[in-house]
Amino acid sequence: MNRQQPQPAVSYTRVSTKAQGDRGIGLDGQRHAIKACADVLGYKIIGHFSDTASGAGERNLEKRPGLQQAIAIARARGIPIIVSEFDRLSRNTSTTTRIMIEEGIDVFSATEGRLEDLSMILSRAARAQHERDMISKRTREALAEKKRQGVKLGNPNISEVQKVGAARNKERAEDKAVEIADALEEVDNWSTLTAADVVDLLNDRSILTGRGRPWTLSAIRRPLASAKRHLEARKDKPRILDENETYRRNPNFGRF
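Summarised in this report is the structure supplied together with it. These numbers come from a predicted model, not from an experiment. (Residues numbered from 1 in each chain as written. Predicted model: local features only at pLDDT ≥ 70, side-chain atom pairs only at ≥ 80, totals over all residues. Heavy atoms only, no water.)

Burial analysis of strand β1 (residues 7–15) places seven of its nine residues in the buried class, which makes it a mostly covered element. Sheet analysis places β1 next to strand β2 (residues 43–52), joined by nine bridges and oriented parallel. In the strand pairing of β2, Arg-14 is matched with Asp-51. Two strands pair when backbone bridges link them, and β1 and strand β3 (residues 81–83) are joined in this way by two bridges, in the parallel orientation. From the neighbouring strand, Val-10 faces β3, where its bridge partner is Ile-81. (Buried < 20%, exposed > 50% of the residue type's maximum accessible area, 1.4 Å probe, protein only. Helix = DSSP H or I, 4+ residues; strand = E, 2+ residues; numbered from the N terminus. Pairing = 2+ DSSP bridges.)

Here's what the structure looks like:
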């Protein structure tokens, strides 16, 4: 008896800040939760999209090119978007309504599956929006109290800011290399593929560059070299997660 072929889907991950990625629901943990969900529901991820941006505010969708791309592909092909949790999609009810009602796109959650009752999804979005508003309120109150105490706010050390920015760019490049490695790992004899083959593979699967563009030969060379290092390491030595990394890969890590 032939097994039914998996159906296509796209995945979407989001963190608000680098710190959240390090200590909360990291992109890597979200990706693993989504893949597990897709396997159970019978879907094959054909495109991975991600943002480092807030999910709050009426215009939050305009500031998230990754989500815009995921929506465009899901709408064009009539396929669902899979997220680790619904608040990764948005913490704003109007955004959720637009995606699921106006665009008519199914969204699955790795922790909750597919909710047939849209009102339940919208209630979760409203709760996420309320939680985000409360966080903002507490932050403003804490800053105001610090200011009253005479603490000088702001970051006068520009060089440190630049270092953080450079580190973040390096981290994004590493995330993209891992994403490419994951795609290549699904291909037999990946080591025989040329750079042009990899470009075609990634573009066919709608896996875009870090700038949200299709891959070219000039753009793929450095990320491909990094991806191959990851694949060689996986082949030569089975990866064993330490306790801290195991927790970080759990999509609920840092939420309690």
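Examined against the element boundaries, Lys-176 turns out to sit in helix α7 (residues 158–185). Since its relative accessible area comes to 14%, Lys-176 is described here as buried. Dropping the residues within four chain positions of it, Lys-176 is found in contact with Leu-208, Thr-209, Gly-210 and Trp-215. (Contact = heavy atoms within 4.5 Å.)

Now for the environment of Pro-65. The residue Pro-65 is located in helix α3 (residues 65–77) in this model. On a C-alpha basis, the gap between Pro-65 and Ser-50 in space is 8.3 Å, while along the polypeptide they are 15 residues apart.

The residue Arg-31 is located in helix α2 (residues 27–41) in this model. Discounting residues that sit within four places of it in the chain, Arg-31 has contacts with Thr-13, Asp-175 and Val-178.

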